[in-house]
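# Results of the structural survey
Single-letter residue listing:
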Amino acid sequence: MSGSGGTELSATLRRIERAAGTLATASVARMDETLPWFRELPADQRSWVMLVAQAGVRSLVQWLWSGGGTGEGTQEVSDEVFATAPQALARSITLQQTVALIKVTIDVVEEQVSELAAPGEEPQLRDAVLRFSREIAFAAARVYARAAESRGSWDARLQALLVDALLRGDSPDVLASRAAALGWTDAPPVAVAVGTSPGGEVAAVLHNVYRQARRIGVEVIGGVHGDRLVIVLGGAAEPVAATGKLLTAFGPGPVVVGPAVPSLDEATESARAALAGYRAAPAWPTAPRPVHAGDLLPERALAGDAEARRRLRHDVYATLARAGGELLETLDAFFAAGGTLESAARALYVHPNTVRYRLRRISDVTGFSPLMPRDAFALRVALTVGRLDPVVPTQTLPPPAGKRSQASDDHRQSL
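Now for a look at the structure at hand. (Residues numbered from 1 in each chain as written. Predicted model: local features only at pLDDT ≥ 70, side-chain atom pairs only at ≥ 80, totals over all residues. Heavy atoms only, no water.)

## A look at the sheet that holds strand S2 (residues 219–225)
What counts, and what does not: Here, strands pair whenever DSSP counts at least two bridges between them. The way it works is that DSSP assigns letters per residue, a run of H or I at least four long becomes a helix, a run of E at least two long becomes a strand, and they are numbered from the N terminus. We call two residues in contact when some of their heavy atoms are within 4.5 Å. Working convention: axes come from line fits to C-alpha atoms, limited for helices to the stretch in contact. Angles between N-to-C directions cover 0 to 180 degrees.
The 5 strands are arranged S2-S3-S1-S4-S5 in an open sheet whose pairing can be described as mixed. Each edge of the open sheet carries a strand with a single partner, namely S2 and strand S5 (291–292). The pairing of S2 with strand S3 (residues 228–234) spans 7 bridges and is antiparallel. Within S3, the position partnered with Gly223 by the bridge is Val230. Docked against the sheet, helix H13 (residues 267–280) engages strand S1 (190–196), S3 and strand S4 (256–257), running at close to 25° with respect to S1.

Following this line, the structure appears as structure tokens:
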């Protein structure tokens, strides 16, 4: 159709202008008949659709006057169809549903072409309506793309604020309100993962995180802080395993997962552990990826993390002291002997089987096995921290069962 198409169809256009209201009403009625989901929309959203339908008919007339899709300004005319409805409509109705609404409206117009077109202009009008339906479909896609871009930027800012609040340890009310705005349902357990950001636009980084999280069925909230990507995971029974499926969302380098907690209210603890582990992770070049923050306790303690020192002091050193001084004595002898069991037994004047039994006991009460190089390192750091930092007073330690060696008594008196 040439640029003079509007003049060629002037009689038809005047008929369409007069029938605009009737066409819009008929289109909405057809939507109500053929689209079950449309009938369930709230009244205000149905009224917005009516406005869009009316604007669509007017836009068809303007589009035809401008040359039927060949003149300049066609895109602007098409986009204006959706300007009559709030942007909220794009969040209530999907792009696929919008295309269905457009199809219904076009079908109604096509059915009435014989009545709308002036004599001899039916073929031209049918062709014009077909072209216009394509323009409207592209316009809808542009509207939804802009809405998604705007929503993505807003979500990225809101997520960053929530992660900031989490790292600062803000009140649970602040966390809950910001999380609710993002649709967070607080499915337990909750854990925080920290790694390097892959770089690029923040909204794009977080979109990639969300896309992968949806694939594995977990909740996520993320934020980019400098060169770090911080992700809060919810509903993952095994947070470390779940993070392993999100690794492509991170940049190169270590990825550390904090301990699982019951809800977002307590996630500050997980976040602090994950951040401390991330800072200390370079000291363990062969660490798995991702790695649990608890597996980095010795590195975290050496890097100055007070919580890691407390755990090594309380959960390892003091636990060994409570379990019986001979365990600390045996561990010292075992390390002094370079990890050789027979040499440790000779230094302690006990049978090698006794040393084996005590090493198993150490593993049972601490969770760290002296026979495993990585665990042995953690135990060495725990001994050092325990002897440098104050521990529970000696009188609170229950007396061990059975006979104690003199060396064990001397050691307990030194605590």
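## Notes on helix H18 (residues 352–366)
Rules: One less than the number of residues in a helix, times 1.5 Å, gives the span that helix is expected to have. For each residue, the accessible area found with a 1.4 Å probe, counting protein chains only, is set against the maximum for its type, and the residue is called buried under 20%, exposed over 50%, and partly exposed in between. Arc definition: it is the arc formed by the directions from the helix axis to the C-beta atoms.
Taking 1.5 Å per residue, 15 residues should reach 21 Å; H18 reaches 21 Å between its end C-alpha atoms and fits that length. If you check which residues of H18 are buried, you get Val355, Arg358, Leu359, Ile362 and Thr366. Projected down its long axis, H18 shows its buried positions confined to an angular sector of 105°, all on one face. Along H18, the residues that are exposed and aim more than 90 degrees away from the buried face are Arg360 and Asp364. On the buried face of H18, the contacting elements are helix H15 (306–323), helix H16 (325–336), helix H17 (341–348) and helix H19 (373–388). Within two residues after H18, Gly367 carries a phi angle of roughly 85°, on the positive side.

## Description of the pairing of S1
Of all 7 residues in S1, 7 are buried; the element is thus mostly enclosed. Here S1 pairs with S3 via 7 bridges, running antiparallel. Paired with Gly195 across the bridge in S3 is Leu229. Where S1 meets S4, 2 bridges bridge the pair, whose relative direction is antiparallel. Bridge assignment links Ala193 to a residue of S4, and that residue is Val257.

Any functional reading would require information beyond the geometric quantities listed.
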